[in-house]
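# Coordinates in review
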Amino acid sequence: MTPTAGPAQGDHRATYRAVLAEPRFRLLFSTRAVSVTADALRITTFSVLVFSSTGSALLSAVAFGTGFIPQLFGSLLLGSLADRLPPRALITGGYAVTCAAALLLALVRMPIAASLAVVALVSLAAPVFHGASSRLVAQSLKGDAYVLGRSLNNIAGAGAQLFGLALGGAAVAALGPRRALAVSALLYLGCALAVRIRLPRLRPTECGGTPGGAVGERGAVRASLQGAGLLLRGRTVRRLMLAQWLPPAFVAGAEGLIVAYAGERHFAPGWYAVLMGCLPVGMLVGDLLVGRLLRPRGRERLVVPLTVLAGLPLIGFAARPGVGVSSCLLLLAGFGYAYGLGLQRPFLDALPPEGRGQAFGLLGSGSMTLQGVGPVCLGSVAAGLGAGGAIAVAGGAVTLTAGWMFTWHRAGREPSRTTIPASTTTSS
C-alpha cells in the first residue's frame with residue numbers, strides 16, 4: 001500500500017439544480033429511486049407471502065433479513081467486478097436479474113427454503129451492481145457536486161423507501177402478495193430498459209479500470225478479497241468507513257425499539273407510527289439544509305458536532321419522555337444524520353481510482369449488514385434495561401463514536417490514498 005497525497009480541496013458550493021442537470025447522474029438517480037421503491041415493495045411483500053404460507057413470524061423476519069445480510073459476503077467475494085466490467089452491462093444486468101427473481105417468486109410456488117435461496121443469491125450480487133453505479137456517479141460529478149449528488153440519493157432513497165412500504169401495503173391488499181411481487185418486477189424491468197437505452201456504452205478508458213491488468217480463472221474472487229483487504233488495511237479508508245457504518249447501525253438499533261417503547265409507555269394506538277416517521281423526516285431536513293446552505297469545508301468541520309447531535313438526543317430516552325418530547329428527540333437525532341455529507345469528499349479522495357467500485361460496494365453492504373445487526377443487539381439490551389434504556393445506550397454509543405472521530409477528524413490532514421496493485425484489476 002503506497003500512500004499518496006489526495007487532491008486539493010476547494011470550497012466551491014454546488015447546487016442541486018446543477019447536479020440534476022448532468023444527464024448521466026439524472027438517469028442513475030431516477031432509476032435508483034424507482035429501484036428502491038421496488039426493493040421496499042418486493043422485500044415487504046415477500047415477507048407477507050412467507051408469513052401467509054407458513055404462519056411463522058420467525059420465517060417472515062428471516063425473509064425480510066435475507067435481502068440484506070448476504071450483501072457483505074457478496075462485496076468481499078465479488079466486489080472487484082464493479083471495477084472490471086463495463087458499468088452499463090453491470091447495472092442493466094443487476095436490474096434484469098432482480099426482475100427475474102421477483103417474477104420467479106410471483107409465478108412459481110417453491111418451497112420456502114428455495115424462495116429464500118433465490119433472494120439470498122440476488123442479494124449476494126447486489127454490491128457489484130450498486131458499486132458500479134456509485135463509481136459512475138463519482139466519475140460524472142466532480143467536487144462538491146458529488147457530495148450533493150450523494151445527498152440527493154439519500155433524500156430520494158428515504159422517500160422512495162417510505163413510498164415503497166406504503167405501495168406494498170396497498171398492492172398486497174388490492175392484488176395479493178404474488179401479484180404485488182409482479183408489480184415490483186415491472187418496476188425493475190423499467191429500470192433495466194432505461195439504463196440499457198439511455199446510458200451510453202463507455203470506452204474502457206472511461207470506466208475507471210486499470211488497463212493491462214490480468215488475472216487467472218479465479219481472479220475475480222482473489223482480486224475481490226485482496227482489494228477488500230487493502231482497502232480495510234488503509235487507516236484513512238478504514239476510519240472513514242467505520243465512521244459511516246457505526247452511527248447508522250446504532251441509530252437503526254434504536255429505531256427498531258420505537259414500537260416497544262411506545263408499548264411500554266402505553267401511548268395511544270398509532271403514535272408509534274408517528275414516532276417512527278420522525279427519524280426519516282429529520283434526515284430529509286438535515287440533508288437538505290446542510291447540503292444546500294453550507295459550503296464543503298463547513299460541512300466537513302461539522303462532522304463531529306452533527307454526529308453528537310445524532311446520538312445525544314437518544315440518551316434522553318433514559319428519562320422515559322412522553323410523545324411530544326420523544327418526537328422532538330427523534331427529529332433532532334435524524335437531523336444529525338447529515339454528518340455523513342462531510343465525509344463524502346474525504347472518502348472519495350482517499351480511494352484509488354481503480355478500486356472505487358469495490359469500495360462503494362463494500363461501504364454500502366457493510367452499512368446494510370450492521371444496520372441489520374444493530375436492532376438485534378439493542379433488542380438484547382432492552383431485555384434488561386427496557387426499550388428506553390436501550391435507546392439511551394444506542395445514543396451513548398453514537399456519542400462515543402463521535403468522540404473517537406474527534407481524535408482524528410480535527411487533524412486537518414489531507415487523506416491518504418490506498419493504491420490497489422494493477423495485478424488485481426483488469427480493464428473495464
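Calculation rules
- Residues numbered from 1 in each chain as written.
- Predicted model: local features only at pLDDT ≥ 70, side-chain atom pairs only at ≥ 80, totals over all residues.
- Heavy atoms only, no water.
- Helix = DSSP H or I, 4+ residues; strand = E, 2+ residues; numbered from the N terminus.
- Axes fitted to C-alpha atoms, helices over the stretch in contact; angles between N-to-C directions.
- Parallel < 35°, antiparallel > 145°, perpendicular 65-115°, else oblique.
- Left-handed = near helix turned anticlockwise from the far one by under 90°.
- Contact = heavy atoms within 4.5 Å.
- Nonpolar A, V, L, I, M, F, W, Y, C, P; charged D, E, K, R; others polar.

## Some details on unusual backbone geometry
Positive phi is not limited to glycine here, since histidine 266 has a value of about 60 degrees. Checked against the element boundaries, histidine 266 lands in the loop between helix H12 (258-264) and helix H13 (271-293). A positive phi angle is found at arginine 320, which is not glycine, with a value near 55 degrees. Relative to the elements of secondary structure, arginine 320 occurs in the loop between helix H15 (303-315) and helix H16 (323-336).

## Side note on the packing of helix H2 (residues 23-54) against helix H7 (residues 112-140)
For the pair H2 and H7, the least separation of the axes is 12 Å and the interaxial angle reads 165 degrees. Here H2 lies roughly antiparallel to H7, going by the angle between them. Two packed elements cross with a definite hand, and for H2 against H7 that hand is left-handed. Here H2 contributes Arg24, Phe25, Leu28, Arg42, Phe46, Val50, Ser53 and Thr54 to the contact with H7, which in turn contributes Ile112, Ser115, Leu116, Val119, Ser133, Leu136, Val137 and Ser140. Split by residue class, the contact of H2 with H7 holds nine nonpolar, five polar and two charged.

## Quick word on the environment of glycine 168
Looking at the element boundaries, glycine 168 is found in helix H8 (residues 144-175). The spatial distance from the C-alpha of glycine 168 to the C-alpha of arginine 42 is 7.6 Å, given a sequence separation of 126 residues.

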